[in-house]
Amino acid sequence: MTFLISLVAVLLLLSALFLYADSRKRYDLIDSVWGPGFAVIAVITLLLADGDATRQWVVTALTVVWGVRLGVHIHSRNRGKDEDPRYQDILKRAKGNPRLRMYRVYLLQAVLMWVVSLPVQAAQHLEAPFGVLDVVGVVVWVVGFAFEAVGDWQLSQFRADPANKGAVMDRGLWRYTRHPNYFGDSVVWWGLFLFALHSWWGAATVIGPLVMTWLLAKGSGKPLLEKDIVSRRPGYAEYVRRTSGFFPLPPKSRVG
């Protein structure tokens with residue numbers, strides 16, 4: 001029942017957000033709510049589930065910290081800028097009612113939130129005492145969170161310097177992967193999955209981190225971001241040649 005309640009709650013949340021976004025004709029607001037949406041699911045489960053209290057509070061805190069940081073970062077990044085062209089493209093390509101098509105996009109995002117957060121929901125129902133596996137989960141989460149937060153900070157600092165306008169960010173963590181923030185995001189959810197590995201049905205929630213990793217590496221993350229960046233930014237093709245696309249690896253030597 002708790003799982004159903006959390007699903008209904010996130011569907012209602014994004015339905016309300018859609019009505020607000022539609023009134024403003026600014027549909028990329030959903031990007032800012034993506035992270036906080038997971039926090040909402042975690043808190044709802046905390047209030048309704050009856051598992052080990054320590055695990056419940058730890059996994060909720062980690063999810064909320066990750067979600068709120070991501071939401072604040074995206075909101076700050078998008079503030080004062082034009083809407084993400086991906087959403088305008090959805091409206092232009094929509095067959096029939098474009099607003100209905102956009103609402104379906106919002107509902108899909110809600111379902112994806114719920115699926116990805118299954119390990120967090122499962123972990124809060126488990127009665128096994130907080131143990132070594134949970135501690136490992138915290139450590140993995142910290143590694144992922146550091147990659148994501150530091151990567152975002154390094155990129156924002158790079159972009160804030162006028163001297164770097166049009167240049168390719170290939171410093172810091174970005175020297176080892178073209179998407180340290182996406183890689184860190186994925187690792188965060190593999191860390192949270194470890195909290196659910198105290199039962200066979202908790203292990204079945206592996207679909208959560210698998211879906212998140214696929215979205216970032218093969219779905220709406222990396223592929224869409226890099227779709228036409230080579231033609232827009234000189235030097236990016238060479239950056240792609242020498243730098244790993246997702247997993248951090250030592251960069252290849254430069255040509256010549």
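Here's a quick rundown of the structure. (Residues numbered from 1 in each chain as written. Predicted model: local features only at pLDDT ≥ 70, side-chain atom pairs only at ≥ 80, totals over all residues. Heavy atoms only, no water.)

## Focus on the overall build of the protein chain
As a reminder of what qualifies: The numbering of helices and of strands both runs from the N terminus, where a helix is a DSSP run of H or I of at least 4 residues and a strand a run of E of at least 2. Each radius of gyration reported is based on C-alpha atoms, and the globular scaling rule is 2.2 Å times the count of residues to the power 0.38.
The helix and strand inventory of the protein chain stands at 13 helices and zero strands. For the protein chain, the α and β elements follow one another from N to C terminus as α-α-α-α-α-α-α-α-α-α-α-α-α. Relative to its length of 256 residues, the protein chain is compact, with a C-alpha radius of gyration of 19 Å against a globular reference of 18 Å. With the principal axes as the frame, the protein chain shows a C-alpha extent of 60 × 45 × 30 Å.

## Let's talk about the nonpolar core
Note that soluble globular proteins tend to have their nonpolar side chains buried in a common cluster. The following threshold applies: Remark: nonpolar core denotes a set of buried residues (Ala, Val, Leu, Ile, Met, Phe, Trp, Tyr, Cys) joined through side-chain atoms within 4.5 Å. Residue exposure (1.4 Å probe, protein chains only): buried if accessible area is under 20% of the type maximum, exposed if over 50%, otherwise partly exposed. The contact criterion used throughout is that any non-hydrogen atoms of two residues lie within 4.5 Å.
In terms of nonpolar packing, the biggest core is built from 52 residues, with Trp66, Met102, Trp189 and Leu192 touching the most fellow members. Those residues within four positions of tryptophan 189 in sequence are excluded, and the remaining contacts are Phe38, Thr63, Trp66, Val116, Ser117, Val120, Pro209 and Met212. Within the second largest apolar cluster, eight residues are counted, among which are Leu155, Phe158, Met169 and Tyr239.

## Observations regarding the packing of aromatic side chains
We count it as follows: Stacked, tilted and edge-to-face are the three classes assigned to paired rings of Phe, Tyr and Trp, where Trp is represented by its six-membered ring and a pair needs centres within 6.5 Å; plane angles under 30 degrees give stacked, over 60 edge-to-face, the rest tilted.
A complete count under the given rule lists 15 aromatic pairs for this structure. Centre to centre, the rings of phenylalanine 147 and phenylalanine 183 are 5.1 Å apart; their planes meet at 75 degrees, and the pair counts as edge-to-face. With a gap of 36 residues between them, phenylalanine 147 in helix H7 (residues 132-160) and phenylalanine 183 in helix H8 (residues 180-194) connect regions that are remote in the sequence. Since its relative accessible area comes to 13%, phenylalanine 183 is described here as buried. Judged by centre distance (5.4 Å) and plane angle (65 degrees), the rings of tyrosine 236 and tyrosine 239 are edge-to-face. Of this pair, tyrosine 236 and tyrosine 239 are both found in helix H13 (residues 236-242), three residues apart, which corresponds to roughly one turn of the helix.

## Points about the packing of helix H3 (residues 53-78) against H8
Put simply, the rule reads: Every axis in this analysis is a line fitted to C-alpha atoms, fitted for helices over the stretch in contact. Angles between the N-to-C directions lie between 0 and 180 degrees. Note on angle classes: values under 35 degrees are labelled roughly parallel, values over 145 roughly antiparallel, values of 65 to 115 roughly perpendicular, and the remainder oblique. It is the rotation of the near helix from the far one that decides the hand of a crossing: anticlockwise by less than a right angle makes it left-handed, clockwise makes it right-handed.
One way to put it is that H3 packs onto H8 with a least axis distance of 11 Å and a crossing angle of 165 degrees. By the angle between their axes, H3 is roughly antiparallel relative to H8. For the crossing formed where H3 meets H8, the hand is left-handed. Between H3 and H8, the residues in contact are Val59, Leu62, Thr63 and Trp66 and Asp185, Val188, Trp189 and Leu192, respectively.

## Concerning a nonpolar patch on the surface
In plain terms, the rule: Residues qualify for a patch when their relative accessible area is over 30% and they have no salt bridge, like charges being joined within 9 Å and the nonpolar side chains of Val, Leu, Ile, Met, Phe, Trp and Tyr within 5 Å. Note on areas: Shrake-Rupley with a 1.4 Å probe; residue coverage comes only from the protein chains shown. By convention in these notes, a salt bridge is any Lys or Arg side-chain nitrogen within 4 Å of a carboxyl oxygen on Asp or Glu.
Together, Met1, Leu4, Ile5, Val8, Leu12, Val43, Leu47 and Leu48 make up an exposed nonpolar region whose accessible area comes to about 790 Å². Taken together, the elements giving at least two residues each to the nonpolar patch come down to helix H1 (2-24) and helix H2 (29-48). Among the elements that make up the nonpolar patch, the one with the highest residue count is H1 (four residues). As for its placement among the helices and strands, valine 8 is situated in helix H1. A relative accessible area of 40% means that valine 8 is categorised as partly exposed.

## Re the side chain of asparagine 78
You can see asparagine 78 is positioned in helix H3. Take asparagine 78: its relative accessible area is 17%, and that puts it in the buried class. Among all residues touching asparagine 78, those that are not within four sequence positions of it are Arg26, Asp28 and Asp31.

## Quick notes on the packing of H7 against H8
Our working rule: Three categories are distinguished: nonpolar for Ala, Val, Leu, Ile, Met, Phe, Trp, Tyr, Cys and Pro, charged for Asp, Glu, Lys and Arg, and polar for the others, with Gly belonging to the last.
Remark: H7 packs on H8, axes separated minimally by 7 Å, with the N-to-C direction vectors making an angle of 165 degrees. For the element pair H7 / H8, the angle class is roughly antiparallel. Seen from above, H7 lies across H8 with left-handed handedness. From H7, Leu133, Val136, Gly137, Val140, Trp141, Gly144, Phe145, Phe147, Glu148, Gly151 and Asp152 reach across to H8, where they touch Pro180, Asn181, Phe183, Gly184, Asp185, Val187, Val188, Trp190, Gly191, Leu192 and Leu194. Tallied by class, residues from the contact of H7 with H8 come to 13 nonpolar, six polar and three charged.

## Quick notes on the side chain of aspartate 22
When you line up the elements, aspartate 22 lands in helix H1. On the basis of relative accessibility, which here comes to 7%, the residue aspartate 22 falls in the buried class. In contact with aspartate 22, not counting residues within four places along its chain, are Tyr27 and Arg99.

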